Amino acid sequence: MQLTKEQFQLDFKKRLHEKFAIETADANDVELFQALGSVIKAYISQEWREDRKELREEKEKIAYYFSIEFLPGKMLKSNLLNLGILDTVRDGLTEIGVSFEKVAEAEKDMALGNGGLGRLASCFMDSLASTGLPGFGNGIRYKYGLFKQQFIDGYQVELPDAWLQDGNTWEVRKAHEAVEVTFEGNVYLTENEETGHLEPVYENPRILRAVPYDTAMVGYQNGVVNNLRLWDVEIPETEERKYYSISERRNIQDITGVLYPDDSTFEGRRLRLIQEYFFVSAGLQTIVNRYLKLGLPLEQIHTKIAVHINDTHPALCVPELMRILIDVHGMDWDKAWRATVKTMSYTNHTILAEALEKWPVDMVRQLIPRVYQIIEEIDHRFVMEMSTKIDPELVERTRIIQNGQVHMAHLSIIGSHSTNGVAKIHSDLLKDVVLHDFYILYPERFNNKTNGIAIRRWSQISNEAMSKVLDETIGTEWRKDAKKIKQLEQFKDNKEVQNKLATAKKKNKARLAKYIKEQTGVEVSTDAIFDVQIKRLHAYKRQLLNLLHIIKLYQDLKANPDLDMTPRVFIFGAKAAPSYYFAKSVIKCINEVGNLVNNDKEIKDKLKVVFLPNYNVTLAELIVPAADVSEQISLASKEASGTSNMKLMLNGAVTVATLDGANIEIRDAVGDDNIVIFGMNKDQVYKYYREQNYNAYDVYNSDPELKRVVNAFIDGTIPNILREGQEIFDSLIKYNDEYFVLLDFHSYVEAQEKIDTLYKDKEKWRKVSLINTANGGHFSSDDTVKRYAEDIWHIQSTTN
């Protein structure tokens, strides 16, 4: 959009006075941000062209992306960048004595997600708008998000993340589009005398009101504005007459209170299921209502609507659309089923069997009785159809209801026309191992869509210093088309360009070092290797392997303080689920090792360990540009894709990786010489699974160096971890090292030695770093959503 500094300054001062009746000099940073956000939201509204809106409602097919989490981070800079007015606003504020960066810091991260799943969903929202594709998000407006993480005595402590305390500048409440969602009660079917259809009759249901809050998703300088719709819960006006105790009202509010309630308890699991049906039902009711305005037959809904199930949390989309088509609109079963399957698509995000959701039949039947009846019928018809075609044992393994549980992945696959993985190795494992039975039944439905990242946020917003070097070196077209970054590779031997990128990296490291000092009191040198592992804390991601290597380095330095090694700062960022006690023990141990090495003067500052609390998008935007080394060390075959690997390599970090997830495709992009690979591959891992001949104790007991490192958890080397150290020791030795940490240890140590050697050769290191950045555009989520649009959703860009 076209905007002068003068016009912006007038608009900003006017809005500040309207909202707070104060002048700029008297406003605090929060007030300045809210006024600024209000002005920008008005500009966004101007971008929404009526002709495009009408076009979308009447002609375009729209994809609706259902996800239990979104993790957009802060929206201010992204919106300004995409509107094309970032510099105008920054300069305009500076001229009137307002610090743009301080105002931007006052914005709170939208606490709607946890990790890669939510961040991917938000990258897709950005890319859909930026490529002109009509794709809208559908999720939950959590009041407190996951949690705000603090460390007390090294332990993770979870606090409410009250991100909505000052309101959400970017959202618009749409009370006129509220719908009712029905839970519980008794349901029985009666025959309609006129139509002959069986219709449900509800007795004593619990009815909740779902109210949508819309947030604009602004495309990159293309005039496109899509929508992210988040649902909040209220008591309907008709129900307010009834008496609700304080605890009953609190239970209702909890439905949109926190992301991922504690699933170690019955009540926590029950609340999760309520959440999942709540936002699925609300979203689908609205979508069908909009479709009906087009005047087209409901059996053709797939020609205008695509519904995407992002992991199994929204799997209830399948029976809920069936319920709406059959119960509300009187469609017969077969037509409704054909329409549903053609409308639905599903992304699987996990190899781990325990992460494929399953719900007790009794719980589903009690909470959503009519939907359960429909699931039963889907399962019955699936069994009847397949029993005439395939082996009965295969039917039993693939049916939706089995062993007293409803299998949500099975429901998603059977009820969709497409099932995709998120990296080539992941998609192959789905077909060959995890979902092999379904691949036998529906081979045409399986496909791969490797994840991607919003290049704009992870370069133009988070790393302005690097972006400036790219502009000077290859021009500015890369800002619009990330594939153009590849042109940088022509300069891989150009020392001037290498030095400019190294200077930008040093600037980012200094910025992070300052933050580390402020937050933890630990001083780190920007001449050290910044070695980064930032991802959800889980055993399969093997933060523990990283920690074992740190302990080895510390022991080596204690034995020889003059050891010839490049100083290294190990930086962690991760949250552990509140009920995941092993992961929380790993956090405690990392923090205690940090306390030990950071205060040991004998090792001459050659080793530092920093665990930054409350990892979120904003913190990632600080860490990623400063990283020298990217730790992608999950056990091969366990990480579906990963996206931190993409962000870090785009910003010039050199990847230390197993052949897992998208690491393989990063290797293929940058070449073997520009990534450090270690550890077993998936075939070697599965060989151990088949032969069941791994004995962790024998590996430990036969290796003095490894034994010394592992014993550090129980021999007093690391203080204050009596319980946690024993738990970790037992996980490796007593419980046989589930994720083969000990088997991969020496290979990992060798990989780290390669990093140390490579970093000492500055020219070679800078060349490798440049090559990684040059190939970062290969993983743009713009390209990923285009593949979804073409192969799965069949939607068209409006900007072509």
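Here, every reference points to the structure presented above.
Nothing here was measured: the structure is a model prediction, and the numbers come from that model.

A. How the structure looks around the packing of helix 11 (residues 317-328) against helix 12 (residues 333-343). It is the contact of helix 11 with helix 12, at a shortest axis distance of 9 Å, that shows an interaxial angle of 140°. With respect to helix 12, the axis of helix 11 lies oblique. The chirality of how helix 11 crosses helix 12 is right-handed. Across the interface between the two elements, V318, L321, M322, L325 and I326 from helix 11 touch W333, A336, W337, A339, T340 and T343 from helix 12.

B. Up close: the nonpolar core. By size, the foremost hydrophobic cluster in this structure holds 145 residues, and its most contacted members are I40 and L284. Per-element accounting of this core gives the leading share, 12 residues, to helix 10 (residues 266-292). Aside from chain neighbours lying at most four places away, what touches I40 is L76, N79, L80, L83, I85, V89 and W170.

C. Broad picture of the pairing of strand 3 (residues 148-152). Where strand 3 and strand 4 (residues 155-159) come together, five bridges link them in antiparallel fashion. Each residue of the ladder has a partner; that of K148, found in strand 4, is L159. Counting the residues that bridge the hairpin from strand 3 to strand 4 gives two residues, and of these D153 lies at a positive phi of roughly 55°.

D. Fine view of the pairing of strand 6 (residues 179-183). Alternating positions in strand 6 separate cleanly, V179, V181 and F183 being buried on one face and E180 and T182 remaining unburied on the opposite face. Two strands pair when backbone bridges link them, and strand 6 and strand 9 (residues 206-218) are joined in this way by five bridges, in the antiparallel orientation. When the bridges of strand 9 are listed, E180 appears paired with R209.

E. The side chain of E69, seen in detail. Among the secondary structure elements, E69 is positioned in the loop between strand 1 (62-66) and helix 4 (76-83). For the buried residue E69, which engages in no salt bridge, the nearest side chain bearing the opposite charge is R536, 7.2 Å off. Here the side chain of E69 touches N114 through a polar contact of 2.6 Å, landing on its backbone nitrogen. Only 3.4 Å separates the side chain of E69 from the backbone nitrogen of G115, close enough to count as a polar contact. In contact with E69, not counting residues within four places along its chain, are L112, G113, N114, G115, L117, G118, A121, L259 and Y260.

F. Inspection of the pattern of salt bridges at higher detail. In this structure the tally under the stated criterion is 64 salt bridges. We note a salt bridge from D232 to K143, for which the minimum N-O separation is 3.0 Å. With a gap of 89 residues between them, D232 in strand 10 (residues 225-234) and K143 in the loop between strand 2 (135-140) and strand 3 connect regions that are remote in the sequence. For D232, a relative accessible area of 6% puts it in the buried group. By relative accessible area, which is 23% here, K143 ends up partly exposed. Put simply, K541 and E639 hold a salt bridge, and the shortest N to O gap is 2.9 Å. Pair noted here: K541 is in the loop between strand 18 (529-534) and helix 22 (543-559) and E639 is in the loop between strand 21 (629-632) and helix 25 (644-650), with a separation of 98 residues, a long-range link. Under the relative-accessibility criterion, E639 is labelled buried at 11%.

G. How the structure looks around the packing of aromatic side chains. Throughout the structure, instances matching the rule amount to 21 aromatic pairs. On the basis of an interplanar angle of 35° and a centroid distance of 6.0 Å, the ring pair of F66 and F279 is categorised as tilted. Taken together, the residues span a long stretch of sequence, with F66 in strand 1 and F279 in helix 10 at a distance of 213 residues. You can call F66 buried: its relative accessible area is 0%. In this structure F279 comes out as buried when scored by relative accessible area, which is 0%. Taking 5.3 Å as the distance between ring centres and 85° as the angle between the ring planes, the aromatic pair formed by Y686 and Y689 counts as edge-to-face. Residue Y686 and its partner Y689 are located together in helix 27 (residues 682-691), separated by three residues, close to a single helical turn. Exposure remark for Y686: the relative accessible area of 18% places this residue in the buried category. By the ring-pair criterion, three or more aromatic residues cluster together here, those being Y686, Y688, Y689, Y694 and F740.

How each quantity is defined
Residues numbered from 1 in each chain as written. Predicted model: local features only at pLDDT ≥ 70, side-chain atom pairs only at ≥ 80, totals over all residues. Heavy atoms only, no water. Axes fitted to C-alpha atoms, helices over the stretch in contact; angles between N-to-C directions. Helix = DSSP H or I, 4+ residues; strand = E, 2+ residues; numbered from the N terminus. Parallel < 35°, antiparallel > 145°, perpendicular 65-115°, else oblique. Left-handed = near helix turned anticlockwise from the far one by under 90°. Contact = heavy atoms within 4.5 Å. Core = buried A, V, L, I, M, F, W, Y, C linked by side-chain atoms within 4.5 Å. Buried < 20%, exposed > 50% of the residue type's maximum accessible area, 1.4 Å probe, protein only. Pairing = 2+ DSSP bridges. Lys, Arg positive; Asp, Glu negative; His and termini not counted. Salt bridge = Lys/Arg side-chain N within 4 Å of Asp/Glu carboxyl O. Polar contact = N/O pair within 3.5 Å; in protein donor to acceptor, adjacent residues only side chain to side chain. Phe/Tyr/Trp six-rings, centres within 6.5 Å; stacked < 30°, edge-to-face > 60°.

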